[in-house]
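# Coordinate analysis (summary)
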Amino acid sequence: MRAKVLLTRAWPEEVEAELARKVDLTRNEHDRPMTQAELRGALGVYDAILPTVTDRLDAAVFDRAEIRTRFLGNYGVGVSHIDLAAAAAKGIAVTNTPDVLSDCTADLAMTLILMTARRAGEGERELRAGLWAGWRPTHLVGTKVTGATLGIIGFGRIGQALAARAHRGFGMKILVQNRSAVAPQVLAEVGAAQVGTVEELLATSDFVSLHCPGGAANRHLIDAGRIAAMRPGAILVNTARGEVVDEEALAGALMAGAIGGAGLDVYDGEPQVRPALLAAPNTVLLPHLGSATSATRAAMGRRVIANLTAFLAGRQPGDLIGARA
Ligand code: DGY
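Residues numbered from 1 in each chain as written. Predicted model: local features only at pLDDT ≥ 70, side-chain atom pairs only at ≥ 80, totals over all residues. Heavy atoms only, no water.

### Considerations on the side chain of D246
Of note, D246 is situated in the loop between β10 (235-238) and α11 (247-255). No salt bridge is formed by the buried D246, whose closest oppositely charged neighbour, R274, lies at an N-O distance of 6.2 Å. Among the polar contacts listed, one links the side chain of D246 to the backbone nitrogen of E248, at a separation of 3.2 Å. Polar contacts involving the side chain of D246 include one to the main-chain amide nitrogen of A249, which spans 3.1 Å. (Helix = DSSP H or I, 4+ residues; strand = E, 2+ residues; numbered from the N terminus. Buried < 20%, exposed > 50% of the residue type's maximum accessible area, 1.4 Å probe, protein only. Lys, Arg positive; Asp, Glu negative; His and termini not counted. Salt bridge = Lys/Arg side-chain N within 4 Å of Asp/Glu carboxyl O. Polar contact = N/O pair within 3.5 Å; in protein donor to acceptor, adjacent residues only side chain to side chain.)

What follows is the structure in structure tokens.
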């Protein structure tokens, strides 16, 4: 008998078709985020559920007597929307999709660095509004990226991919803050130095890019105090998770001109975006596009299928996540 599998959001056509050939597939026909009640109900019906970042699987969702689901194959690398301890307590395996999205997410972080530094969003809005008065030496003057110092918080695969781009492509000096020690050869490849604390990194970085996991442990890692500790004119980039930054404090610092700008791809409570951020100057705001290329979105689907196939065959999936990940 084929496994009963729920796909919570529509995937790119070719990978969804590949999945449908392998399992008894139920799709979320309306392609909208599932409610907690729907997810809780689904745990009693399906052998496997394939969620995304828009499905909040917190402890209450797992709190039911009869659970049929044994496998959660997340389409995406970040899993802070899943209560891993609650899933583990119910004997449910969780996998994610690392590696395949590192390049594209790093590309988007670099896009935000460049757009924010060079005021590209403001410039485009001005031109489209018919307000461009022509070239002049003082028009939309931004910040030079080449040779500046980039501080990277969280030096996993995406942080490393960004460091490679910034160092080799833009001659940037790289500082790294990471919860564990990074191997010297990994740092040496991108001319990076690891610092001990976030504060040390903030004190010397012209750009700060976040690449740590989200979730309760890193909620407001970048709080009002740390935003105040950034250099005047420094730019904050977030392609990790919205909750890592205190967005009210960030908007306040941008309004006050205390920092130079912010480039954001993720938001606390997205798709809602705080009005204070929308009103803040020198801000580039993108709608969670980090992994959004056709090649990567297809590769993410294939990675979920590989994990699911291994699990259903009784093998250990390549991207199995432990309850403490
Ligand atoms: C990821 O892969 O974590 C993306 O942010 C989408 O969830």
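### Re the pattern of salt bridges
Across all of its chains, the model carries 17 salt bridges by this definition. R27 is paired through a salt bridge with E16; the nearest N and O atoms lie 2.4 Å apart. Placement of R27 in strand β2 (residues 24-27) and of E16 in helix α1 (residues 13-22) is noted, with a sequence separation of 11 residues between them. Salt-bridge contacts for R165 lead to D107; the nearest nitrogen and oxygen are separated by 2.5 Å. On the criterion of sequence distance, the pair formed by R165 in helix α7 (residues 157-170) and D107 in helix α5 (residues 102-117) is long-range, its members being 58 residues apart. When its relative accessible area of 22% is taken as the criterion, R165 is described as partly exposed.

### Some words on the site of the ligand
Near the ligand you find V53, G76, V77, G78, L101, R241 and H288, and these make up its full shell. At 2.7 Å, a backbone N or O of V77 approaches an oxygen atom of the ligand. G78 is positioned such that a nitrogen or oxygen atom in its backbone is 2.8 Å from an oxygen atom of the ligand. The protein chains hide 87% of the 230 Å² of surface that the ligand would expose on its own. Among the residues making up the shell around the ligand, the classes are represented as 3 nonpolar, 3 polar and 1 charged. (Near = heavy atom within 4 Å. Areas by Shrake-Rupley, 256 points an atom, 1.4 Å probe, with all protein chains shown as cover. Nonpolar A, V, L, I, M, F, W, Y, C, P; charged D, E, K, R; others polar.)

### A few points about the sheet that holds strand β11 (residues 261-264)
The 7 strands are arranged β8-β7-β6-β9-β10-β11-β12 in an open sheet whose pairing can be described as parallel. Lying at the two open borders of the sheet, with one neighbouring strand each, are β8 (192-194) and β12 (283-285). Looking at each pair of strands side by side, their axes are set apart by 15° on average, direction ignored. Inspection of the sheet shows strand β6 (residues 149-153) paired to strand β9 (residues 207-210) by 4 bridges, in the parallel sense. Among the inter-strand pairings, I153 is bridged to a residue of β9, identified as L210. Sitting on the sheet, α5 touches β6, β9, β10, β11 and β12, and the angle it makes with β10 is about 150°. Along the sheet, α7 makes contact with β6, β7 (173-177) and β9, crossing β6 at roughly 175°. (Pairing = 2+ DSSP bridges. Axes fitted to C-alpha atoms, helices over the stretch in contact; angles between N-to-C directions. Contact = heavy atoms within 4.5 Å.)

### So, the side chain of D268
Along the chain, the position of D268 falls in the loop between β11 and α12 (275-279). Take D268: its relative accessible area is 19%, and that puts it in the buried class. A distance of 2.8 Å separates a polar atom in the side chain of D268 from a polar atom in the side chain of R219. Other than its neighbours up to four places away in sequence, D268 contacts R219, H220, G242, E243, E247 and R274.

### Describing the domain arrangement of the protein
Annotation of the protein at the domain level lists domain 1 (4-100 + 294-322) and domain 2 (102-285). On a C-alpha basis, the centres of domain 1 and domain 2 stand 31 Å from each other. Tallying the contact residues gives 8 residues for domain 1 and 8 residues for domain 2. Together domain 1 and domain 2 conceal approximately 580 Å² of surface at their shared face, both sides included; 46% is due to carbon and sulfur atoms. Taken together, the connections running from domain 1 to domain 2 amount to 1 salt bridge. A salt bridge links D99 to R157, with the shortest nitrogen-to-oxygen separation between them at 2.5 Å. In this assembly, domain 1 and domain 2 are joined by 2 residue pairs in polar contact (both at pLDDT 80 or more). (Domains from an automatic or database assignment. Buried area = accessible area lost by both parts, 1.4 Å probe.)

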